[in-house]
Amino acid sequence: MRRPKILVLYTGGTIGMMKDQKTGSLVPFNFGNIYEHLPVLRTLDYTIDMYSFEHLIDSSNMTPEVWVELAEKIEENYEKYDGFVVLHGSDTMAYSASALSFMLENLAKPIIFTGSQLPMGMVRSDARENFITSVEIAASKMDGEPSVPEVCILFENHLLRGNRSTKFNAENFNAFSSGNYPTLADVGIKIKYNREFIMEPTGRPLIVHKQFNTNVGILKLFPGITHNYVKHILNTPGMKGLIMETFGSGNAPTSEWFLDELAEAIKKGLIIYNVTQCKSGSVEMGRYETSLDLTNIGVISGYDITTESALAKMMYLLGTQMGRREIKRYLQTPLRGEMTV
Ligand code: ASP
């Protein structure tokens, strides 16, 4: 049997940092020498190639331009490799994994995002395990087919669907959660794949979407929110789509000024997407009077989508040639397993 071939794409983040022996400060690690730093990788009997981005970034500096660069690297190498591992800072990993899931239509190979809370060079670092496990998952096959042909996030002992994930802890090694979808695999002595939750490839050729429209915003509701604030957000020049983070199952104030402002913005062409502030559960518009009004004025439901995924999905759909009606329809339809309706 042919040795599995994995391409590792290194974008930056803590995982790639090491203490400089002389200065003691954290500097990027040279992944070109990965076998020297992690000799245990040789026992895996895989071919592991590395591609390091020219500008390594803390993921707080992530942009859609870098997403496009990542997708292009994957596209260029898609036929040559069995799977891909993306080394990325954890802070915005859920946004990037969501974005890549929408960009890569008909994906049939694993794209595993991973990072770490402590740099690779530290004694108790989680980087080593996260890296090795991600490579193993990217190479794994079942009945000759990739075990997880999806964009995922691997952190600590869970493999999660990328567009269902959220970073919920800034300190623990277990930093990601997926409140509305089960784990795709659990990592212990063995890697146990939960096949019933893993997506089946469509069998059609890969299509890579590279256009994003970043004229979007997020409005998080809170008790005491002022008319002035809402008005300014809704009248942001050029804004095409707004994710509104509502309370509980999609509820919002019923004040006349609030609903009038939203209705006016929708009439002028703004798409307002209702997403819950809760980490688990779904928007259910019409369940309470406080969300029925939103339906009546044309706010659309994001069901149980995460804010990160909603943002990436909106930027992606607004970046296509689709008309407003079609975009609204797709926003309410699962495209890559990102929501349950
Ligand atoms: N600030 C870092 C980043 O997101 C944290 C990490 O790598 O986990 O790039």
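Figured I'd write up the structure that's included with this text.

How each quantity is defined
Residues numbered from 1 in each chain as written. Predicted model: local features only at pLDDT ≥ 70, side-chain atom pairs only at ≥ 80, totals over all residues. Heavy atoms only, no water. 1 Å grid on protein atoms, 1.4 Å probe; cavity = no way out; pocket = protein on both sides within 12 Å on 5 of 7 lines; lining within 4 Å. Points joined across faces, edges and corners; volume = space filled by probe spheres on them. Nonpolar A, V, L, I, M, F, W, Y, C, P; charged D, E, K, R; others polar. Core = buried A, V, L, I, M, F, W, Y, C linked by side-chain atoms within 4.5 Å. Buried < 20%, exposed > 50% of the residue type's maximum accessible area, 1.4 Å probe, protein only. Helix = DSSP H or I, 4+ residues; strand = E, 2+ residues; numbered from the N terminus. Contact = heavy atoms within 4.5 Å. Pairing = 2+ DSSP bridges. Expected span 1.5 Å × (residues − 1). Near = heavy atom within 4 Å. Polar contact = N/O pair within 3.5 Å; in protein donor to acceptor, adjacent residues only side chain to side chain. Areas by Shrake-Rupley, 256 points an atom, 1.4 Å probe, with all protein chains shown as cover. Phe/Tyr/Trp six-rings, centres within 6.5 Å; stacked < 30°, edge-to-face > 60°. Lys NZ or Arg CZ within 6 Å of the ring centre and 35° of its normal. Salt bridge = Lys/Arg side-chain N within 4 Å of Asp/Glu carboxyl O.

## Details of the layout of surface pockets
Part 1 of the argument: Put simply, the largest pocket is a space of about 300 Å³.
Part 2 of the argument: Taken together, 17 residues form the lining of the largest pocket, with Asn 106, Leu 107, Met 199, Leu 335 and Arg 336 sitting closest to its centre.
Part 3 of the argument: Classifying every residue of the lining of the largest pocket by side-chain character gives seven nonpolar, four polar and six charged.

## A few points about the nonpolar core
Part 1 of the argument: If you look at the biggest cluster of nonpolar residues, it comprises 52 residues, and the most contacted ones within it are Leu 100, Leu 104, Ile 111, Phe 113 and Tyr 273.
Part 2 of the argument: Per-element tally for this core: the top contributor is helix H8 (residues 307–318), with eight residues.
Part 3 of the argument: Apart from the residues within four sequence positions on either side, Ile 111 is in contact with Ile 74, Phe 84, Val 86, Leu 104, Glu 150, Val 151 and Cys 152.
Part 4 of the argument: Grouped together as the second largest cluster of nonpolar side chains are 34 residues, Ile 112, Ala 127, Ile 132 and Val 187 included.

## Side note on the sheet that holds strand E19 (residues 271–276)
Part 1 of the argument: Pairing within the open sheet is parallel, and its four strands lie in the order E17-E18-E19-E20. The outermost strands of the open sheet, each flanked by one partner alone, are strand E17 (216–220) and strand E20 (300–301).
Part 2 of the argument: For strand E18 (residues 241–246) and E19, the ladder comprises six bridges, and the chain directions are parallel. From the neighbouring strand, Gly 241 faces E19, where its bridge partner is Ile 271.

## Focus: helix H4 (residues 127–139)
Part 1 of the argument: Helix length check: H4 (13 residues) gives 18 Å between terminal C-alpha atoms against 18 Å at 1.5 Å per residue, within 8%.
Part 2 of the argument: Judged by how many residues are buried, H4 sits mostly within the fold: 10 of 13 residues are covered.
Part 3 of the argument: Looking only at H4, the buried set comprises Ala 127, Asn 130, Phe 131, Ile 132, Thr 133, Ser 134, Val 135, Ile 137, Ala 138 and Ala 139.

## Concerning the site of the ligand
Part 1 of the argument: All residues in the neighbourhood of the ligand are listed as Gly 13, Thr 14, Asp 58, Ser 59, Gly 89, Ser 90, Asp 91 and Ser 116.
Part 2 of the argument: Contact distances for the ligand include 3.3 Å between an oxygen atom and a backbone N or O atom of Ser 116.
Part 3 of the argument: Summarising the interface, the protein chains cover 90% of the accessible area of the ligand, which totals 260 Å² for the free molecule.
Part 4 of the argument: Classifying every residue of the shell around the ligand gives no nonpolar, six polar and two charged.

## Thoughts on the packing of aromatic side chains
Part 1 of the argument: The tally for this structure, following the rule as stated, stands at eight aromatic pairs.
Part 2 of the argument: Arranged with centres 6.2 Å apart and planes meeting at 55 degrees, the rings of Phe 222 and Tyr 229 form a pair that is tilted.
Part 3 of the argument: Here Lys 73 stacks its cationic end above the ring of Tyr 51, 4.3 Å away from the centre of that ring.
Part 4 of the argument: The residue whose ring lies beneath Arg 161 is Tyr 181, and the NZ or CZ to ring-centre distance is 4.2 Å.

## Considerations on the environment of Ile 111
Part 1 of the argument: When you line up the elements, Ile 111 lands in strand E7 (residues 111–114).
Part 2 of the argument: For the pair Ile 111 and Leu 100, spaced 11 residues apart in the sequence, the C-alpha separation amounts to 9.0 Å.

## Topic: the pattern of salt bridges
Part 1 of the argument: Evaluation of the coordinates by the stated rule reveals 14 salt bridges.
Part 2 of the argument: A salt bridge links Arg 2 to Asp 82; its shortest N-O distance comes to 2.9 Å. With Arg 2 in the segment before strand E1 (5–12) and Asp 82 in the loop between helix H2 (64–77) and strand E5 (83–87), the pair connects residues that are 80 residues apart, well separated along the chain.
Part 3 of the argument: Residue classification places Asp 82 among the buried residues on the basis of a relative accessible area of 7%.
Part 4 of the argument: Lys 313 is the salt-bridge partner of Glu 338, the closest N and O atoms lying 2.6 Å from each other. You can see Glu 338 sitting in the segment after helix H9 (324–331) and its partner Lys 313 sitting in helix H8, a full 25 residues away along the chain.
Part 5 of the argument: The network of salt bridges with common partners includes Arg 2, Asp 82 and Lys 141.

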